[in-house]
Amino acid sequence: MPTSPMLTASESTASTRLREGGAVVRKAKLPDAVNIFDLVNSLSGDGTLLRRSYAEICENVRDFAVAQSESGVFLGCGALHLYGPHLAEVRSIVVKPEAKGQGAGGRLLRALLEEAEEQKVTAVCLFTRIPDFFFHFGFRVVDRTTLPDKIYKDCQTCPRLYACDEVAMVRGPLPKIAVLGPSRIAQPELVKLQTGTVTPGS
Ligand SMILES: CC(C)(COP(=O)(O)OP(=O)(O)OC[C@H]1O[C@@H](n2cnc3c(N)ncnc32)[C@H](O)[C@@H]1OP(=O)(O)O)[C@@H](O)C(=O)NCCC(=O)NCCS
């Protein structure tokens, strides 16, 4: 995978260590969906990650990258959701507990950022409780209202809408446009009641 010219010194440290061995990152395939589903949802109970249904993971499996050991053991995953050329989002990034601290998470994130660059996306965002991890990779904290696409995609339906403990982060310039807006709820068709008198025998 080519090295991004935008990487900082801290990012390069992680990159150097990974080149020495360890996790291999590749695009996810449908057979990975079960591992992705199990790992992501193992951390959705406490709100660390958004819950993803198996169907949603299958439908969006091309968004995902997976990390695996050199012998092919699944170690973790992450996804890049494209809103448009103005914005992409890192989602569902997670490494199995026993594989943490060995570079897999950094390698996954770098692969997703490189994919965003290949797609010519100008900004990458995410919501997180661990901003320190993402500072390593050039993200900064921003006001969440600067990311209406993310808010309309996930926050509106989130039970923590008014008690959110995550910070919004962006890498790159803040998007100047948004493609999502409030969803319209279709009015149910009402049954029209007939009024008037019924003539017996008619
Ligand atoms: C966050 C997570 C993916 C990191 O994966 P990892 O494989 O342990 O991370 P790495 O070993 O690649 O670490 C890369 C760099 O980030 C640093 N780092 C790792 N976790 C960190 C954290 N929680 N806070 C701050 N820095 C962190 C490492 O020290 C390393 O820095 P260095 O290159 O200067 O040594 C992993 O801890 C995880 O799965 N957490 C639970 C799920 C989660 O919270 N996901 C984020 C949701 S937005």
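Placed above this text is the structure.
Here's a quick rundown of the structure. Residue positions are counted from 1 within each chain, in the order its sequence is given. A pLDDT threshold of at least 70 governs which residues receive local features in this predicted model, and a stricter bar of 80 or more applies before side-chain atom pairs are shown or counted, although totals over entire chains, interfaces and linings include all residues. Calculation of side-chain values draws on the structure's entire complement of heavy atoms; hydrogens and water are dropped beforehand.

1. Some points on the site of the ligand
Part 1 of the reasoning: In this text, near means that some heavy atom of the residue lies within 4 Å of the molecule or strand in question. Neighbouring residues of the ligand: 22 residues in total, closest I93, V95, G101, G105 and G106.
Part 2 of the reasoning: At 2.8 Å from an oxygen atom of the ligand is found a main-chain nitrogen or oxygen belonging to G101.
Part 3 of the reasoning: For the ligand, an oxygen atom lies 3.4 Å from a polar atom in the backbone of Q102.
Part 4 of the reasoning: The protein chains shown are the only cover counted for residues, whose accessible areas, like all others here, come from Shrake-Rupley with a 1.4 Å probe. Look at the ligand: alone it shows 910 Å² of surface, and the protein chains cover 77% of it.
Part 5 of the reasoning: Of all the secondary structure elements, the ones that give two or more residues to the shell around the ligand are α1 (9-19), β4 (87-95), α4 (104-118), β5 (124-128) and α5 (131-135).
Part 6 of the reasoning: Of the residues in the shell around the ligand, the class split is eleven nonpolar, eight polar and three charged. We call two N or O atoms a polar contact when they sit within 3.5 Å, provided that within protein one can donate a hydrogen and the other can accept it, with sequence-adjacent residues counted only if both atoms are side-chain atoms. Put simply, DSSP marks the helices as runs of H or I at least four residues long and the strands as runs of E at least two long, and each gets a number from the N terminus on. Each residue gets one of three labels, nonpolar for Ala, Val, Leu, Ile, Met, Phe, Trp, Tyr, Cys and Pro, charged for Asp, Glu, Lys and Arg, and polar for the others, Gly among them.

2. Structural notes on the nonpolar core
Part 1 of the reasoning: Membership of the largest hydrophobic core comes to 25 residues, with the highest contact counts inside it found for V90, L109 and F139.
Part 2 of the reasoning: At the level of elements, β2 (64-68), β3 (74-84), β4, α4 and β5 are the ones that each hand at least two residues to this core.
Part 3 of the reasoning: Throughout, a contact is declared for two residues whenever any of their heavy atoms are within 4.5 Å. With residues up to four places along the chain from it excluded, the contact list for L109 reads V90, I93, F133, F134, F137 and F139.
Part 4 of the reasoning: In plain words, nonpolar cores are sets of buried Ala, Val, Leu, Ile, Met, Phe, Trp, Tyr and Cys residues tied together by side-chain atoms within 4.5 Å. Accessible area is worked out with a 1.4 Å probe on protein chains only. A residue is then buried under 20% of its type maximum, exposed over 50%, and partly exposed in between. Grouped together as the second largest cluster of nonpolar side chains are 14 residues, A28, I36, F64 and C77 included.

3. Examining α4
Part 1 of the reasoning: In this model α4 runs 21 Å from its N-terminal to its C-terminal C-alpha over 15 residues, within 8% of the 21 Å that 1.5 Å per residue would give.
Part 2 of the reasoning: Among all positions of α4, only A104, G105, G106, L108, L109, R110, A111, L112, L113, E114, E115 and A116 are buried.
Part 3 of the reasoning: In the segment just after α4, K120 is the residue with positive phi, at about 60 degrees. Multiplying 1.5 Å by the helix residue count minus one yields the expected span of that helix.

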